Structure formats: structure tokens, C-alpha cells
Amino acid sequence: QVQLVESGGGSVQSGGSLRLSCAVSGYTDGFYCLAWFRQSPGRERRGVAAIDSADTTTYADSVKGRFTISQDHAKNTLFLQMNNLKPEDTARYYCAARPKCYTGSYAYTFERNKYSDWGQGTQVTVSS
């Protein structure tokens with residue numbers, strides 16, 4: 001069973017930065033995608049950023065130029081660097097793993113039901 005443990009959430013003012021981390025264990029597929037999703041009250045969970053085993057990335061349009069996804073292969077850790085945060089970024093952020101995946105279009109990459117392993121989520125709150 002894949003396990004994902006997130007950390008780094010918190011509260012910041014508009015324009016500030018946060019760095020989320022996700023420790024991944026038990027993942028053995030030869031190629032995969034790791035992704036960050038977010039969900040706010042009354043809205044469905046949406047993809048934010050994804051990275052595959054070749055380190056190719058896909059981002060939601062709303063975060064391009066502000067967020068950077070990366071991974072440390074040796075330490076099995078996923079990161080999301082979030083800069084110039086906006087109030088609309090307020091959400092609970094989840095990391096997730098998907099086997100047999102390479103990143104591509106937004107819809108293809110963030111097909112939610114393909115990610116069967118999820119972290120517990122970490123809250124990010126951005127105030128104006």
C-alpha cells in the first residue's frame with residue numbers, strides 16, 4: 001500500500017509563500033505521476049500541479065508562474081513551492097500517486113479517479 005504524508009501547510013498573507021512536502025513510501029511502479037490537488041468548501045477536488053517519473057510537469061492555468069512542483073527521487077519526497085499566494089488559493093491541499101502515468105494535458109493528467117492513493121491533506125489559508 002502506498003502511503004503519502006503531507007506537511008508544510010499554514011496561514012499566510014496575500015503575496016506570501018509556502019512550501020508543501022509529501023513523503024511517499026511503498027510506490028514501486030516503473031513510471032508514475034505524483035500530483036497536488038486542492039479542495040475548498042462546496043467545490044470538487046481539482047488538480048493543481050503534477051510531475052511524472054521523468055520530471056515532466058503539468059500545471060493548472062491558475063497557478064502557472066507562481067507554483068513549482070518538484071521531487072527528490074532519492075528521498076522519495078514531493079514538493080510544491082507556492083509563491084505570490086492569493087486568497088483564491090485557500091484550500092486543503094492533497095498529494096496523490098498514480099501508477100502507469102506520464103503527464104500531458106490537464107484533463108488527462110488530473111483524472112481524479114486514476115489517483116487511488118492520497119495523503120490526508122494539509123490546509124493552506126491565504127488572507128488579504
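Presented here is a report on the structure given in the accompanying data block. (Residues numbered from 1 in each chain as written. Predicted model: local features only at pLDDT ≥ 70, side-chain atom pairs only at ≥ 80, totals over all residues. Heavy atoms only, no water.)

### Describing the pairing of strand β3 (residues 18-25)
For step 1, the next point in the chain: Sheet analysis places strand β1 (residues 3-7) next to β3, joined by 5 bridges and oriented antiparallel. Paired with Leu-4 across the strands is Val-24, a residue of β3.
For step 2, the next point in the chain: For β3 and strand β8 (residues 77-82), the ladder comprises 6 bridges, and the chain directions are antiparallel. Looking across to β8, one finds that Ser-21 is bridged to Phe-79. (Pairing = 2+ DSSP bridges. Helix = DSSP H or I, 4+ residues; strand = E, 2+ residues; numbered from the N terminus.)

### With respect to the sheet that holds β3
Two modes of strand pairing occur in sheets, parallel and antiparallel, and in both the strands are linked by backbone hydrogen bonds.
For step 1, the next point in the chain: The strand order across the open sheet formed by 4 strands is β1-β3-β8-β7, and the pairing between neighbours is antiparallel. Of all the strands in the sheet, just β1 and β7 (67-72) have a single pairing partner and so form its edges. Within the sheet, the average angular offset between the axes of one strand and its neighbour, ignoring direction, is 15 degrees. (Axes fitted to C-alpha atoms, helices over the stretch in contact; angles between N-to-C directions.)

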